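Spelled out from the first residue to the last, the chains are:
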Amino acid sequence: MTLSDVEIAKQAAVSAGEILLGFWQERESLKVTNKRAGDFVSRADFKAEEHLKNTLLSNSPSDGWLGEETGSSGERGRRWIVDPLDGTTNFLRGIPHWSVSVGLEVDGDLTLGVIHDPVNKETFIAERGKGATLNAQPIKVSNTENFASALFGTGIPFGGMPNIDHHAREIARLMPKCAGVRRMGSAALDLAYVACGRLDGFWERGLQQWDIAAGLVIASEAGATITGWDEQDDPGVSGNVLTATPGLYSDFHRLIVKEH
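This structure is a prediction, so every number in the text was calculated from the model and none was measured.

Draft legend 1. Representation of the overall build of the protein within the structure. When you go through the protein residue by residue, the secondary structure sums to eight helices and 15 strands. Relative to the globule expectation of 18 Å for 260 residues, the C-alpha radius of gyration of the protein, 18 Å, shows essentially globular dimensions. With the C-alpha coordinates aligned to their principal axes, the bounding extent of the protein is approximately 50 × 40 × 30 Å. When the 260 residues of the protein are sorted by exposure, 52% land in the buried category. For the protein, the share of sequence-separated contacts (at least 6 apart) that also reach a separation of at least 24 residues comes to 63%. Within the protein, one finds 25 positive and 35 negative side-chain charges whose respective centroids are separated by 4 Å.

Now the structure itself:
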């Protein structure tokens, strides 16, 4: 029996998660390399991505590929966009909040996403036009409309990354008006948490395609409103993501993009 794209993606993500759990148990012995200040990579990242690439492309050898550790190859008509370990710093520090992210792009449009959290045994899945699920159960964004009750997620720039000052001002504007802001260290899971209502919104600049390809599909299919900083800013291309449950989106967007 021929497996569907979403079945293949799920199997690949879950089995990559098993590989990562093996490294997780022995993480103190991993050799770690710094890509830049605060940005780490280890053998766990490479082994998981190698497994994902072999699994996904063995089913469709002509597909294109974009992975965090192995870069871009092949044609872009159908392209897998993969982060083998989103939340590497958490992983290496023993913080149980990291994930495997697998997205599929067809003719420039993101069509499916799988985000697997191996520690918590949670798998978020969405196909364009078919809704989103968590462990095979349908999920939707929260129905929060009261800003004072809202909980948001973000990714704070680190090291020499740009926009640190802008981000600090955005947090300063947002914090007095909401229930809190979380910086949890995995953009993929942040988007998945918006999708299932654990967070009411999320924003971050300059993310890579592999960070968000799967999450954008999942959050969108769960009912989230997703944009960049303006109408011309496609978050799937620019990596600038601003998303929230519809009842909060307008106020949230206004606070974040307010003139700095």
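Picking up after the structure, the text goes on.
Draft legend 2. Structural view of the layout of surface pockets. Empty space within the second largest pocket amounts to approximately 290 Å³. In this structure, the second largest pocket is lined by 17 residues; those nearest its centre are Leu110, Arg128, Leu216, Asp234 and Gly236. Those elements that provide at least two residues to the lining of the second largest pocket are strand 7 (109-117), helix 6 (209-221) and helix 7 (235-238). Examining the composition of the lining of the second largest pocket, we find that five residues originate from one element, helix 6, more than from any other. A class-by-class count of the residues in the lining of the second largest pocket yields eight nonpolar, four polar and five charged.

Draft legend 3. Local environment of the sheet that holds strand 12 (residues 180-182). The five strands are arranged 12-11-13-15-14 in an open sheet whose pairing can be described as mixed. Edge positions in the sheet fall to strand 12 and strand 14 (225-227), since each has one partner strand and no second. Each neighbouring strand pair of the sheet contributes to a mean axis angle of 20°, computed without reference to strand direction. Where strand 11 (residues 151-154) lies against strand 13 (residues 201-204), three bridges are found, and the strand directions are parallel. Considered in strand 13, the bridge of Phe152 is made with Gly201.

Draft legend 4. Representation of the pattern of salt bridges in the model. Here the structure, examined in full by the defined rule, presents nine salt bridges. Linking Glu105 and Arg79 is a salt bridge whose minimum nitrogen-to-oxygen distance equals 3.2 Å. Within this pair, whereas Glu105 is found in strand 6 (residues 99-106), its partner Arg79 is found in strand 5 (residues 78-86), the two being separated by 26 residues in sequence. Considered together, Glu105 and Arg79 belong to a single accessibility category, that of buried residues. The partner of Glu122 in a salt bridge is Arg198, with the nearest N and O atoms 2.8 Å apart. Here Arg198 lies in the loop between helix 5 (187-195) and strand 13 and Glu122 lies in strand 8 (residues 122-127), a separation of 76 residues in the sequence. Glu122 sits in the buried class, given a relative accessible area of 14%. Residue classification places Arg198 among the partly exposed positions, given a relative accessible area of 34%.

Draft legend 5. Just the packing of helix 1 (residues 5-25) against helix 2 (residues 43-59), in detail. It is at 9 Å that the axes of helix 1 and helix 2 come closest, and there the two elements cross at 155°. In terms of orientation, helix 1 and helix 2 fall into the roughly antiparallel class. As helix 1 runs across helix 2, the sense of the crossing is right-handed. Every residue of helix 2 that contacts helix 1 at Ile8, Ala9, Ala12, Ala13, Ser15, Ala16, Ile19, Leu20 and Phe23 is listed here: Arg43, Ala44, Lys47, Ala48, His51, Leu52, Thr55, Leu56 and Asn59. In the contact of helix 1 with helix 2, the residues fall into twelve nonpolar, four polar and two charged.

Draft legend 6. A look at the packing of aromatic side chains. The tally for this structure, following the rule as stated, stands at seven aromatic pairs. Residues Phe124 and Tyr193 carry aromatic rings whose centres are separated by 6.5 Å and whose planes lie at 50° to one another, so their mutual orientation is tilted. Taken together, the residues span a long stretch of sequence, with Phe124 in strand 8 and Tyr193 in helix 5 at a distance of 69 residues. For the pair formed by Phe124 and Tyr193, the shared burial category is buried.

Thresholds, definitions, all that
- Residues numbered from 1 in each chain as written.
- Predicted model: local features only at pLDDT ≥ 70, side-chain atom pairs only at ≥ 80, totals over all residues.
- Heavy atoms only, no water.
- Helix = DSSP H or I, 4+ residues; strand = E, 2+ residues; numbered from the N terminus.
- Rg over C-alpha atoms; globule rule 2.2 N^0.38 Å.
- Buried < 20%, exposed > 50% of the residue type's maximum accessible area, 1.4 Å probe, protein only.
- Contact = heavy atoms within 4.5 Å.
- Lys, Arg positive; Asp, Glu negative; His and termini not counted.
- Charge placed at Lys NZ, Arg CZ, Asp CG, Glu CD.
- 1 Å grid on protein atoms, 1.4 Å probe; cavity = no way out; pocket = protein on both sides within 12 Å on 5 of 7 lines; lining within 4 Å.
- Points joined across faces, edges and corners; volume = space filled by probe spheres on them.
- Nonpolar A, V, L, I, M, F, W, Y, C, P; charged D, E, K, R; others polar.
- Pairing = 2+ DSSP bridges.
- Axes fitted to C-alpha atoms, helices over the stretch in contact; angles between N-to-C directions.
- Salt bridge = Lys/Arg side-chain N within 4 Å of Asp/Glu carboxyl O.
- Parallel < 35°, antiparallel > 145°, perpendicular 65-115°, else oblique.
- Left-handed = near helix turned anticlockwise from the far one by under 90°.
- Phe/Tyr/Trp six-rings, centres within 6.5 Å; stacked < 30°, edge-to-face > 60°.

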